[in-house]
Amino acid sequence: MFKGILITTGLLLLLVLAGFWIYLLFFGTPQSVRQIFTNFGQNEPAERPLTNESVLDPDQLDISKATLEQLTTRPVAGYISTGEVLLYAERGTGHVYRIDFNTGLEERVQSVTLAKTVGAIFSGEGDSVILVSESEALLRASFYEINGENDTGLDLPPNSANYTLIGSTTILYTRVISNNTVAYSFDKESLLTKELWRIPLTDVNVYFVSGKTFVVNRPSAMLRGAVYEVVNGELVRRTAPQLALTAKISPDGQALIYNYYNAPNKSLLSEFVDLASKEVIEAPLTVVPEKCGFAENGRLWCGESDIFSLGRQSIISDWYKGTATSDDQLWEVATREGQAIMRLDLKEESGFVIDTIDLEVSPDGKRIFFVNKLNDTLWMYRMPKSSSQ
């Protein structure tokens, strides 16, 4: 009997070796785990027509002129780029710093110290900031003017969320009250608060973007979520309900990118939506919206790695919780043309793993900023010029 087991084991081993030899004969050495699945036809997205002419030429950009720079050693709670200037707040202290890209100088521009700062939301002009801090079991938010004579903060209601600064006087935020999410507008000069709308959902993220309001269910591997727009106080669905859905809205409120778990194919799928035309385009690359920033003409820049392409339903939740890490490469994605190209291997360039989050493209399109989720440091990729320049 023991001899029979040995013979059976030997035959199985020979079959495995023969299968591996046949794989190498037909496909060659795989460059990644994803390539193995792709060669066998698993987790492969549905085919869609691509343009004949490539809009993402590998030689279009002179990569030798590109630079990857670590902008901070301090952990960052939030940042904003305004042309040649970047403002950021330090996590833990709330100290606000200014980096001038023309001079290379960094200076502290706010004398306030706010212990246990975990978030910072800047105005579009960079002249004010909301600092969010942890206090016992509560989240507290305070409004501060930058470079102002008065360093006294203006406290917002505790456990409010989804803060947005409109101009220099108006603050938008939400609170959960009696199983409803309620949105408010607060005028810091008149100190008047106005209720804007309320919806019967609580576990949501709210985005106030260019005069529009979008609501997205927080991602869950086992529950379906969707993207909604609040129109005249009512919810209007902009995507179909999907498992493990995450989404990001473009700065002009005209487009969104979302990702979800496709149960029939047992894979994650990313789609781009033109909200004006209602056109839905399958992205040529599996992307996590929190790792993407919008550029011109429906382009995206995204941090991406193989872990999101292996079909594990819980991977998004695991990544959020920090039990999964993404060793990212930086990709440029032309969504409308169905093309994607890897521009930079972040680990190869920096020497260690960078798990990107909060990725944004600067208003002038010259720089890409992102935070390393592993230590909250801020990074910049300076866009290379075309090789013809």
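Just above sits the structure.
Here we summarise the structure given alongside this text.

How each quantity is defined
- Residues numbered from 1 in each chain as written.
- Predicted model: local features only at pLDDT ≥ 70, side-chain atom pairs only at ≥ 80, totals over all residues.
- Heavy atoms only, no water.
- Buried < 20%, exposed > 50% of the residue type's maximum accessible area, 1.4 Å probe, protein only.
- Helix = DSSP H or I, 4+ residues; strand = E, 2+ residues; numbered from the N terminus.
- Pairing = 2+ DSSP bridges.
- Disulfide = S-S within 2.5 Å.
- Phe/Tyr/Trp six-rings, centres within 6.5 Å; stacked < 30°, edge-to-face > 60°.
- Lys NZ or Arg CZ within 6 Å of the ring centre and 35° of its normal.

### With respect to the pairing of strand β19 (residues 242-249)
Logical step 1: Of all eight residues that make up β19, eight are buried, and the element is covered over most of its length.
Logical step 2: Relative to β19, strand β16 (residues 224-225) runs antiparallel, the two being bridged by two bridges. Residue Gly 225 lies in a different strand from β19, and its bridge partner there is Gln 242.
Logical step 3: Here β19 runs beside strand β20 (residues 255-262); their pairing, made up of five bridges, is antiparallel. The partner of Lys 248 across the bridge, within β20, is Ile 257.
Logical step 4: Hairpin geometry of β19 and β20 is characterised by an intervening segment of five residues between the two adjacent antiparallel strands and by a positive phi of about 70 degrees at Gly 253.

### Remarks on the state of the cysteines
Linking two cysteines covalently via their sulfur atoms produces the bond known as a disulfide.
Logical step 1: All chains considered together, the criterion is met by one disulfide.
Logical step 2: Put simply, Cys 292 and Cys 302 are joined by a disulfide, and their sulfur atoms are 2.1 Å apart. Measuring the twist about the S-S bond at about 115 degrees, one finds the Cys 292-Cys 302 disulfide to be right-handed. Taken as a pair, Cys 292 in strand β23 (residues 292-294) and Cys 302 in strand β24 (residues 299-304) lie far apart in primary sequence, ten residues in all. Residues Cys 292 and Cys 302 agree in their burial class; the two are buried.

### Overview of the packing of aromatic side chains
Logical step 1: Applying the stated criterion across every chain, the model contains nine aromatic pairs.
Logical step 2: Here the aromatic rings of Tyr 88 and Tyr 97 are separated by 5.3 Å at their centres, their planes lie at 20 degrees, and the arrangement is stacked.
Logical step 3: Pairing Trp 301 with Tyr 381 gives two aromatic rings, centres 6.0 Å apart and planes at 45 degrees, and the pair type is tilted. Residue Trp 301 is located in strand β24, and its partner Tyr 381 is located in strand β29 (residues 377-382); the two are separated by 80 residues in the primary sequence.
Logical step 4: Looking at Tyr 381, the relative accessible area reads 1%, which means it is buried.
Logical step 5: Following the ring pairs from residue to residue traces out a cluster consisting of Tyr 79, Phe 101 and Phe 369.
Logical step 6: Positioned over the ring face of Phe 101 is Arg 367, at 4.4 Å from the centre of the ring.

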